[in-house]
Amino acid sequence: MPQISQIAATYASQIFWLLVTFGILYFGIGKMMVPRVQGVMDLRESKIAQDLADAEAARGQADTTEAAWTARMDAARAAAQAEVAKAKAQAATAAETQMRAADADLAERVAHHDVAIANAKAAAMVNVQTIAAEAAQELVERLSGVAISPEAANEAVRRQMTHG
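Residues numbered from 1 in each chain as written. Predicted model: local features only at pLDDT ≥ 70, side-chain atom pairs only at ≥ 80, totals over all residues. Heavy atoms only, no water.

Undergrad: Residues and numbers for the overall build of the protein, please.
TA: Assigned secondary structure in the protein consists of two helices and zero strands. The globule rule puts the C-alpha radius of gyration for 164 residues at 15 Å, and the 63 Å found for the protein is more than 25% above it. If one aligns the C-alpha atoms of the protein with their principal axes, the spans along those axes are about 195 × 35 × 20 Å. Accessible surface, the protein as shown: approximately 13800 Å² in total, 66% of it carbon and sulfur. In the protein, 15 side chains carry a positive charge and 19 a negative one; their mean positions are 11 Å apart. (Helix = DSSP H or I, 4+ residues; strand = E, 2+ residues; numbered from the N terminus. Rg over C-alpha atoms; globule rule 2.2 N^0.38 Å. Areas by Shrake-Rupley, 256 points an atom, 1.4 Å probe, with all protein chains shown as cover. Lys, Arg positive; Asp, Glu negative; His and termini not counted. Charge placed at Lys NZ, Arg CZ, Asp CG, Glu CD.)

Undergrad: How would you explain the UniProt feature "transmembrane region" (unreviewed entry) in the protein if you had to name every residue and give the values?
TA: With numbering matched to this structure, UniProt assigns "transmembrane region" (unreviewed entry) to residues 15-34. With 100% helix and 0% strand, residues 15-34 has its two end C-alpha atoms placed 26 Å apart. (UniProt positions renumbered as here; feature names shortened; annotations may be inferred.)

Undergrad: Now, about the environment of glycine 30: what can you tell me, with residues and values included?
TA: Its location among the elements puts glycine 30 in helix α1 (residues 2-144). Taking the relative accessible area as the measure of exposure, glycine 30 reaches 31% and is therefore partly exposed. (Buried < 20%, exposed > 50% of the residue type's maximum accessible area, 1.4 Å probe, protein only.)

Undergrad: Describe the packing of aromatic side chains, with residues and values.
TA: In total, this model carries two aromatic pairs according to the counting rule given. Ring geometry for phenylalanine 16 against tryptophan 17: centres 5.1 Å apart, planes inclined by 70°, an arrangement best described as edge-to-face. The class for phenylalanine 16 is partly exposed, based on a relative accessible area of 46%. With centroids separated by 5.2 Å and ring planes inclined at 75°, the aromatic side chains of tyrosine 26 and phenylalanine 27 adopt a geometry described as edge-to-face. (Phe/Tyr/Trp six-rings, centres within 6.5 Å; stacked < 30°, edge-to-face > 60°.)

Undergrad: Quick one: what's the story with the environment of glutamine 50, residue by residue and with numbers?
TA: Position of glutamine 50 among the secondary structure elements: in helix α1. In this structure, the C-alpha to C-alpha distance between glutamine 50 and proline 150, residues 100 residues apart in sequence, is 125 Å.

Undergrad: Please provide a residue-by-residue account of the pattern of salt bridges, values included.
TA: Scanning the model with the defined rule gives seven salt bridges in all. Note that lysine 47 is salt-bridged to aspartate 51, the shortest N-O span being 3.6 Å. Separated by four residues within a single helix, lysine 47 and aspartate 51 lie in helix α1, roughly one turn from each other. Through salt bridges with shared partners, a single network forms among Glu155, Arg158 and Arg159. (Salt bridge = Lys/Arg side-chain N within 4 Å of Asp/Glu carboxyl O.)

Undergrad: Which residues make up a nonpolar patch on the surface, and what are the values?
TA: Taken together, the side chains of Leu18, Phe22, Leu25, Ile29, Met32, Met33 and Val34 make up a nonpolar region of the molecular surface, amounting to roughly 690 Å² of accessible area. By secondary structure assignment, the location of leucine 18 is in helix α1. (Patch = residues over 30% accessible without salt bridge, like charges linked within 9 Å, V, L, I, M, F, W, Y side chains within 5 Å.)

So this is what it looks like as structure tokens:
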């Protein structure tokens, strides 16, 4: 059969060209392209690793900056609280001084008014004594018909008011 005898010659040529094509592809892709792709992949991995290291360093620096900022804020907060406490103490001292001055002024006014009231009371008592003496003088004259002197009536009223 001639078809069978041609198989070996036909397939041998095809197998040869198959091997040549695979060899070219193997050496072309495996020896030329793969190292380039591998180099790009290695470059990308190193770039990513470098970026991650930079990011970690930036995070550390940010943490340090945040800690320093927090410390400054705490110090500023403490200083502000100290200022507020100092202002409160000064305000309390000023208020106490004003209260003492107001109390002294009021005490002086009260003492002045107490003296005025005592003078008014004394004047009123003199008037009451004079009115009582006149009333006693008039009553004695009406009841007994005897006229007494104003000095005697004043003396009698004074003794009565003193001894009750």
